[in-house]
Amino acid sequence: MARAVAIIGVGQTKHGRRDDVNYPELVYEAVKAALEDAGISPEDVEAVVHGTMPSAMEGINAAHLYLSDAVTAFGKPLMRVATCGSTGMSLAHSAFYHVASGLFDIVMAVGSEKMLENDPQGTMTTVADPFFQRPFIGGAPGVFSMQGIQYAHRYNLPEERVREAAARISVNHHDNALDNPYAHIRTKITVEDVLKSRIIAYPTRLMDVCPSSDGACAVIFVSEEKAKKFSKKPAWVKGLSYVGDEHFFGDSDKVVWESAIIAAQKAYKMAGIRSPQKELDVAEIYNPFTYQELIYYECFGFCDRGEACKLVEDGVVLRGGELPCDPSGGVLCTNPIGATGLIRVGEAALQVTGRADDRQIPGAKTALSHAMGGADQFNGIMIVGSEL
Amino acid sequence: MANKVAIVAVAQVGHNDALGKNLREISYEVTKNVLNQVGMKQEELGTIITSSSDFWQGISCSRSVYFDAMGAYLKDSSKAAEDGALGFLYGLMRVMSGHFDNALVHAITKSSEIPSLSTLTNLYADPFFQRPIGLDDVSAAAMQARLYMDRYKITEEQAARVVVKNLGNALNNPYAHKKMKISVDEVLRSEVMAHPIKALDCAAYSDGTCALLLASEEKAKKLTDSPVWVKGMGWCTDHHFFGDRDLLNGGLRKAAKKAYDMAGITKPLEEIDVAEICEPYSFQELLWYEQLGFCSDGEGGKLIDNGITVMDGKLPVNPSGGVLATNPYVARGLIRVTEAALQVMGKAGERQVPGVKTSLAHSTHGFAGQHHSVVILGK
């Protein structure tokens, strides 16, 4: 029988432009918050996992070494995990396996990014291979916009309808972010605002896209024994999976997206979930681009293929619906990349333990968290629940 | 260890200063080699952990470009960045957890395609205080060497003997990059890089990759007759700011203690038959002897003087030639594990130490050993 693993502490910084602190200070803000949330001291933490997006983002090689003191790793095992956008999710998985292996009882995962000190899209372009795809892939929007177009065309959906659904996701998430004191973009917007915002790469408009943020997140994973010792209400890891497909864009189908579908299926199987839309109470989906979120609803089995727009039109995935997505405002409103996936996990843990304050989905017991990374290539999932 | 895990197959490429194949080609080569050894198909792979580095590859999210070439398509996978030893440890934890019965671990760097060691390691330093003064790998190591010499009267000749030993050992290793028979004098006369470190005291800058397969006890018994069991492991980090650290007393002692405690080793010099340790600079091998508990503090020089760590000594260190001979940066930690495993399997060819039952693998990255890992393997 595999060892049970729980989350007992979540800490995040106030995200946004953080010129008031330097990078280690920013990271420590999240670490301190997580330790306080768990009610433990730095000495209790037995091992640390840290990660960022590509190292070039802050221009620091091996950032885990630079931040070793800020993440309280002096004299402790420390590991750097970096898988692009999915880094935060990979951190959660790494911390999970640290504990599940039986080697450690208390492990802290820390993800961070200070994107506004650099050129995020310049960095992102270097994810593509240097010979064939880098010369024409201009940062993230190009890739994700192609995926959005591919989606509309696959199911012969009127582009207006897809654009409208994407815009409604954007409005919903921006409204949610108003209830999240940590969120970066906190602005009231309308569907009209989204549809009229300037085009970044057709069909993606400015308000379909996430911001670049400074921020950090820390999440503390523990064994069953420590969970019972330190926490009255831990969040239990029920299922996890992380799957990738081909590197070259064009080699894989990004609409019926195998890596996302299989990651979800494996995590559901582990968590004993057969009917995700009914059994999940809330989902924190990694959605740097609104159109991608539509694709994820289908890949994660929230609806049938080609039906994602209807899910939005019926309000199922919006606030107050049957399966509300991104009550935190999601990636669309906050995106310090190395931390972003871990924020999804942390927010999911807060939801199932009833600690999400104004953004709480009433009675949430089971939550899905997700992140995507690589060259639009990797999908990782962690499902958390209120019961062991 | 509660859940026993074994290394069942290892593979590496012939390392060189510039391999004429790309990252995807050499990743495929070692993966295929490992699978062939145990008669496994890609579909049967459990999980895959790779180690590489964005800066040491010039491609961000470094693993994504060779991901599908190493059989990871639709597999549960991850990356432990910067040090292949961390990839090994992560793969190990995944198998120990019981969620997977086997794990492919892989590490890669092509030094021929990236900027110099000095440029890349200057980026280790914080951007405000230490980077502008030009702190880099060799200058950091030189300060450590100077302190070591001053505190314990270690000599440049003793460090040079490590070079003579390791590059000489590399002559027996078909996978080694830099191999030569040289004299202490030649090392001492080589160009000064940062006093007291000279060109021949520094590690090679290599292209290369390495892969190995880990399996649970049950699975290992099905796959091979000669499993190498992981007996102990430990890893540890030091402070970042150079002046905050005691450069002669870092995290290695703690990492080694954890590994030894797990493996039940109390007298390393007596109980370990061979060690593969990561010595980017020759004098570091002597310092690591001390922190690994092979001798007491300040005695590292005597160990080499007395021939304890040469091929036919009591505890041969780096029969493969070590990092001085072969240094595909991120892969070097996993190569240490691979070589230590080959020694236990008795498959190390001309560099085989006779009768190995227990071996040690060590890796380090960061300025002057900011991060250390230790793994103990055995029959």
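This structure is a prediction, so every number in the text was calculated from the model and none was measured.

Right, let's talk about the layout of surface pockets for a bit. All names here are of chain A. Space inside the largest pocket adds up to approximately 720 Å³. Within the residue set of the lining of the largest pocket, elements represented by two or more residues are helix 4 (120–125), helix 5 (139–154) and strand 10 (366–373). For the lining of the largest pocket, the per-class residue count stands at 28 nonpolar, 12 polar and 2 charged.

Between chain A and chain B, the contact holds 61 residues from the first and 54 residues from the second. Between chain A and chain B, a total of about 4700 Å² is buried, with carbon and sulfur atoms accounting for 59% of that surface. On the chain A side of the interface with chain B, the three residues burying the most area are A:Asn61, A:Leu65 and A:Tyr97, jointly 16% of the side's total. The interface formed by chain A and chain B holds 1 salt bridge in total. Here A:Arg80 and B:Glu82 are joined by a salt bridge, their closest N and O atoms 2.9 Å apart. Applying the counting criterion to the chain A and chain B interface returns 29 residue pairs in polar contact (both at pLDDT 80 or more). Within the residue set of the side of chain A that touches chain B, elements represented by two or more residues are helix 2 (63–66), strand 3 (78–80), helix 3 (87–100), strand 8 (235–244) and helix 9 (258–271) of chain A. It is helix 3 of chain A that provides the largest number of residues to the side of chain A that touches chain B, a total of 7 residues. Split into classes, the residues belonging to the side of chain A that touches chain B amount to 32 nonpolar, 20 polar and 9 charged.

Take a nonpolar patch on the surface next. On the surface, a nonpolar cluster with roughly 350 Å² of combined accessible area is contributed by B:Phe128, B:Phe129 and B:Phe241. Relative to the assigned elements, B:Phe241 resides in the loop between strand 8 (228–237) and helix 8 (252–263).

In a structure, side chains of opposite charge can pair up when their charged atoms sit close to one another. If you walk through the whole model with that rule in mind, you get 40 salt bridges over all chains. Residue A:Lys32 is joined to A:Glu36 by a salt bridge in which the shortest nitrogen-to-oxygen separation is 3.2 Å. You can see A:Lys32 and its partner A:Glu36 sitting in helix 1 (residues 23–38), 4 residues apart, about one turn around the helix. The class for A:Glu36 is exposed, based on a relative accessible area of 55%. Residue B:Asp76 pairs with B:Arg94 through a salt bridge whose shortest N-O separation is 3.0 Å. Taken together, the residues span a long stretch of sequence, with B:Asp76 in strand 3 (residues 76–79) and B:Arg94 in helix 2 (residues 84–96) at a distance of 18 residues. Look at B:Asp76 and you get buried, because its relative accessible area is 4%.

Right, let's get into the side chain of A:Gln133. All names here are of chain A. Turning to its location among the elements, Gln-133 is positioned in the loop between helix 4 and helix 5. Judged by its relative accessible area of 8%, Gln-133 falls in the buried class. Looking at Gln-133, its side chain comes within polar contact range of the main-chain oxygen of Phe-249, at 3.2 Å. With near-sequence residues (within four places) excluded, Gln-133 lies in contact with Ala-128, His-247, Phe-248 and Phe-249.

Definitions and limits used
Residues numbered from 1 in each chain as written. Chains lettered and ligands numbered in written order. Predicted model: local features only at pLDDT ≥ 70, side-chain atom pairs only at ≥ 80, totals over all residues. Heavy atoms only, no water. 1 Å grid on protein atoms, 1.4 Å probe; cavity = no way out; pocket = protein on both sides within 12 Å on 5 of 7 lines; lining within 4 Å. Points joined across faces, edges and corners; volume = space filled by probe spheres on them. Helix = DSSP H or I, 4+ residues; strand = E, 2+ residues; numbered from the N terminus. Nonpolar A, V, L, I, M, F, W, Y, C, P; charged D, E, K, R; others polar. Contact = heavy atoms within 4.5 Å. Buried area = accessible area lost by both parts, 1.4 Å probe. Salt bridge = Lys/Arg side-chain N within 4 Å of Asp/Glu carboxyl O. Polar contact = N/O pair within 3.5 Å; in protein donor to acceptor, adjacent residues only side chain to side chain. Patch = residues over 30% accessible without salt bridge, like charges linked within 9 Å, V, L, I, M, F, W, Y side chains within 5 Å. Areas by Shrake-Rupley, 256 points an atom, 1.4 Å probe, with all protein chains shown as cover. Buried < 20%, exposed > 50% of the residue type's maximum accessible area, 1.4 Å probe, protein only.

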